[in-house]
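Given next are the chains, with one letter for each unit.
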Amino acid sequence: MKFVSSAGGALPSSIRSTRRTSRDPRRGVRRGGLAGLWAAAVLGPVGAAAQTAAPAQAPTPIGGWQAGAVLDVSVGSRKLGLGLRDKGLALGHSDLTAYGPLGAHLQAQLTAVVHSHERKVETELEDAWVQSRTLPAGLQVRAGRFASQLGYLNELHPHTDDFVERPLLYRGFLGDHWIDDGLRVNWTAPTDLYLRLGVEVFRGRGLVDGQSSGRPGAAVLSAKTGGDIGASHSWQAGLAMVHNRRQAADEHEHEEGELEEEEHDAHEGHGHSHGAAYAGRRMWIADLAWKWAPGGNNSQQQVRVLYEYAQVRGADNEVGPRARHSGQYLSAVWRFDPSWEAGVRHDLLRVSVPHDDHAHTGRLRESALMLAWKPTHMQTLRLQVTQQRGRGELDERTRGVHLQYILNFGAHAAHTF
């Protein structure tokens, strides 16, 4: 199986061996100092590493196209509130991916996803984008269908997660994994401290439950920064704002009674919605990640700590500023052996559901414990116990046990920090 960079090209073994952390693309670049970081901004992680090794060479296309597949299956004792996985045997986020260069200046990716929902197998096109590789001044442009880069988890494929289900704030505010049709422009600063600023424009189809539109309906502004502390510690922080024009448009396009009925169905929390169950005109999301590995070698031992907080405002015009939602979670995962990981996560979701001229509140807490066995890089067997306690509009009392198996075939694009 080939490892590939987040830019979509194959990473040569000579470069892989110099990287201290396999999932942090900045580490392999920062060794080249300021020049290496500038190359990362212009060429991406693979091009930067090549330029650091041989600065006199012009960028060339990276190999040919590659393909890979992921199988994700699970068995659960029951379905969780706002969860995607059905009770019993369920097919999770399984995909087939092809990616590679389009000449010397572009790269592309196609990803088809298969999963089960309410005992039915569904398919969708998750990725279909073209991205620049050689723009100057640290710029990068992507167009097509792709996942927004807000938050920490959204840009990652769900089968790379440390837990069976995504946190509550993703399941409630982003329909689990917000993928949309749009345009992205990123700028990476030529500095020792990693800094990336981005703007995205989307249709917004995943931010309003069950609606579709051809006009631009959502915009995202995001910032990421991060660095190393000595040889064993690394960190990353992010902040993003989503302006959801679709929420305001739908409030005018639907009659009040019909809209209230749709919201009530979505807010029950007993099934997967293909859009956000709790939408609003504006959302803020902040994330902070810290990782520790002795000497930077995460293959033997590692600790990963992640915290995210999100707030959705403007849930309903009639209710006013009180109609807002918030969500947060804290997770910690410890790789105590090359093949074994244990983790814990605690989630809290607060919602304000409009009813006539006032709002009803709800709160849902979720705690999860997991143990994962990873005999190879291509396989994961995960056991997770999850407990939910809610009140008000989110009156859940659930305890579930899930056994998940993930198998990777062929090549698959590496992910960011």
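Only a predicted model underlies this, so the values are computations on that prediction, with no experimental measurement involved.

Conventions we followed
- Residues numbered from 1 in each chain as written.
- Predicted model: local features only at pLDDT ≥ 70, side-chain atom pairs only at ≥ 80, totals over all residues.
- Heavy atoms only, no water.
- Helix = DSSP H or I, 4+ residues; strand = E, 2+ residues; numbered from the N terminus.
- Buried < 20%, exposed > 50% of the residue type's maximum accessible area, 1.4 Å probe, protein only.
- Contact = heavy atoms within 4.5 Å.
- Areas by Shrake-Rupley, 256 points an atom, 1.4 Å probe, with all protein chains shown as cover.
- pLDDT = per-residue confidence, 0-100.
- Phe/Tyr/Trp six-rings, centres within 6.5 Å; stacked < 30°, edge-to-face > 60°.
- Lys NZ or Arg CZ within 6 Å of the ring centre and 35° of its normal.
- 1 Å grid on protein atoms, 1.4 Å probe; cavity = no way out; pocket = protein on both sides within 12 Å on 5 of 7 lines; lining within 4 Å.
- Points joined across faces, edges and corners; volume = space filled by probe spheres on them.
- Nonpolar A, V, L, I, M, F, W, Y, C, P; charged D, E, K, R; others polar.

Novice: What's the story with the overall build of the chain in this structure? I'm lost.
Specialist: The helix and strand inventory of the chain stands at six helices and 19 strands. Of all 417 residues assigned to the chain, the portion counted as buried reaches 51%. In the chain, the proportion of contacts linking residues at least 24 apart, taken out of those at least 6 apart, comes to 62%. Counting every atom, the chain has about 18,000 Å² of accessible surface; 60% of that belongs to carbon and sulfur.

Novice: Would you take a moment to explain the confidence of the model for the chain for this structure?
Specialist: Parts of the model with low pLDDT should not have their predicted coordinates read in detail. Here the chain averages 80 in pLDDT, and 73% of its residues register 70 or above. For the stretch residues 1–61, pLDDT sits under 50, and the model shows 126 contacts to residues farther than four places along the chain or on other chains. A low-confidence stretch, residues 254–273 stays under pLDDT 50, and its non-local contacts, those more than four residues away or across chains, total 30 contacts.

Novice: Can you help me understand the packing of aromatic side chains in this one?
Specialist: Aromatic ring pairs are reported here in terms of the distance separating the ring centres and the angle at which the planes meet. In total, this model carries four aromatic pairs according to the counting rule given. Taken together, the ring pairs in this structure connect Phe-146, Trp-178 and Phe-202 into an aromatic cluster. If you follow Arg-345 out to its NZ or CZ, it ends over the ring of Phe-163, 4.9 Å from the centre.

Novice: Any chance you could explain empty space enclosed by the protein here in plain terms?
Specialist: If you roll a probe as big as a water molecule over the atoms, it shows you where there is empty space left. Tallied over the entire structure, the rule returns eight cavities of 30 Å³ or more. The calculated volume of the second largest cavity comes to roughly 70 Å³. The wall of the second largest cavity is formed by Phe-173, Leu-207, Val-242, Asn-244, Tyr-278, Ala-279, Gly-280, Arg-282, Met-283 and Val-312. Put simply, the parts of the chain that give the lining of the second largest cavity at least two residues each are strand 11 (233–244) and strand 12 (282–292). Split into classes, the residues belonging to the lining of the second largest cavity amount to seven nonpolar, two polar and one charged.

Novice: Please explain the environment of Leu-207 as it appears in this structure.
Specialist: For Leu-207, the location among the structural elements is in the loop between strand 9 (194–202) and strand 10 (218–229). Contact partners of Leu-207, with chain neighbours within four places excluded, come to Phe-173, Leu-174, Trp-178, Ala-218, Val-242, Asn-244, Ala-276 and Ala-279.

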